[in-house]
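Architecture at a glance
Take a look at the letters that make up each chain.
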Amino acid sequence: MLTRKQLELLLFINERLKEEGVPPSFEEMKEALNLQSKSGVHRLIVALEERGFLKRMANRARALEVIKLPESHSPSLASKKSGFSPNVIQGSLGKVKPMPAANDGIPRSVMVPLMGRIAAGVPIAAIQDHTNNISVPPEMLGGGEHFALEVKGDSMIDAGIFDGDTILIRKSDTANNGEIIVALVDGEEATLKRLRKKGDSVALEAANPAYETRIFGPDRVSVQGRLVGLLRKY
């Protein structure tokens, strides 16, 4: 049996998936359920996952799948013969979209999805939904899938990354020591930091002496992608 808050959250997520095709953010879930913090949302999601009502997609921000609803709220889900197909949100990482080629057949730029803001400082809410596309020279990207994020904060200034910059990220769930990555902490907060691994510990290192290095267990941090480029407006 679900608690009242667990049921409210499950129904809220399910309705948002049906209406908009994307799950609500942690901030939206917190406000909808009148909770004091996003950690309360995280605990409810974990409880729903443990009870088989919800599934989180590994290594992807805000990727949720509604497995089932209580029978009293969705009779059509009670039977496998109902033809139910769960709504799966594949996170907010997109593929590069080529722009039309010039007369010589060579593309002058590609369109990369801009996925909101990333914290270069204290972690903020996890990577947001696709908000826009930006045009990027193809030589900046290489192979693989990419996405862009706007930097908020000053913890990476010694690495040449400033507040308001737009960074280009190659989607990846692995990274080498010393690489600058988009890290997802506890499945709900995203931040831009340099990766340092020692034994079973994962350290997220700032490039600003005003910020301390944060150390986590390996199960608390997942890599979302690696920094491959930066755009700046003057």
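Residues numbered from 1 in each chain as written. Predicted model: local features only at pLDDT ≥ 70, side-chain atom pairs only at ≥ 80, totals over all residues. Heavy atoms only, no water.

Describing the overall build of the protein
Assigned secondary structure in the protein consists of three helices and 13 strands. By the burial criterion, 42% of the 234 residues in the protein qualify as buried. At a minimum sequence separation of 6, the contacts of the protein that also span at least 24 residues come to 58%. Accessible surface for the protein amounts to roughly 12500 Å². Of this, 49% is attributable to carbon and sulfur atoms. (Helix = DSSP H or I, 4+ residues; strand = E, 2+ residues; numbered from the N terminus. Buried < 20%, exposed > 50% of the residue type's maximum accessible area, 1.4 Å probe, protein only. Contact = heavy atoms within 4.5 Å. Areas by Shrake-Rupley, 256 points an atom, 1.4 Å probe, with all protein chains shown as cover.)

Quick look at the side chain of S155
Here S155 shows up in the loop between β7 (146-152) and β8 (166-171). The class for S155 is buried, based on a relative accessible area of 0%. Engagement of the side chain of S155 in a polar contact is seen with the side chain of K193, the distance being 3.1 Å. (Polar contact = N/O pair within 3.5 Å; in protein donor to acceptor, adjacent residues only side chain to side chain.)

Considering the pattern of salt bridges
When the charged atoms of two side chains with opposite charge come close together, those side chains can pair. Taken as a whole, this structure holds ten salt bridges when the rule is applied. The salt bridge involving E8 is made with K5; its shortest N-O contact spans 3.9 Å. Here K5 and E8 lie together in helix α1 (residues 4-20), a separation of three residues that amounts to about one turn. Ionic pairing is found between R232 and D165, a salt bridge with its closest N-O pair at 2.7 Å. Here D165 lies in the loop between β7 and β8 and R232 lies in the segment after β13 (221-231), a separation of 67 residues in the sequence. We classify R232 as partly exposed; its relative accessible area is 32%. The class for D165 is buried, based on a relative accessible area of 3%. (Salt bridge = Lys/Arg side-chain N within 4 Å of Asp/Glu carboxyl O.)

Overview of the pairing of strand β10 (residues 189-198)
Pairing between strand β9 (residues 180-185) and β10: six bridges, direction antiparallel. Within β10, the residue paired with I180 across the bridge is R194. Between β9 and β10, which follow one another and run antiparallel, lie three residues, and D186 among them has a positive phi close to 55°. Pairing analysis gives five bridges linking β10 to strand β11 (residues 201-205), with the strands arranged antiparallel. By the bridge assignment, L195 is partnered in β11 with L204. Hairpin connection between β10 and β11: a loop of two residues separates the two successive antiparallel strands, and G199 in this loop has a positive phi of roughly 65°. (Pairing = 2+ DSSP bridges.)

With respect to the pairing of β9
With respect to burial, β9 is a largely interior element, six of its six residues being buried. Because side chains alternate across β9, one face comprises the buried residues I180, V182 and L184, and the other comprises I181, A183 and V185, equally buried.

Considerations on the packing of aromatic side chains
Under the definition given, this model contains zero aromatic pairs. For the cation-ring pair, K68 lies above F53, with the distance from its terminal atom to the ring centre recorded as 4.8 Å. (Phe/Tyr/Trp six-rings, centres within 6.5 Å; stacked < 30°, edge-to-face > 60°. Lys NZ or Arg CZ within 6 Å of the ring centre and 35° of its normal.)

Side note on α1
Under the 1.5 Å per step criterion, the end-to-end length of α1 is 24 Å for 17 residues, consistent within 8% with the ideal 24 Å. For α1, the set of buried residues is Q6, L9, L10, I13, N14, R16 and L17. One side of α1 carries all its buried residues, which in axial view fall inside an arc of 160°. Turned more than 90 degrees away from the buried face of α1 sit R4, K18, E19 and E20, all of them exposed. Considering only its buried residues, α1 is in contact with α2 (26-32), α3 (38-50), β1 (54-56) and β2 (64-66). Of the residues trailing α1, G21 is marked for its positive phi of about 80°. (Expected span 1.5 Å × (residues − 1). Arc of directions from axis to C-beta.)

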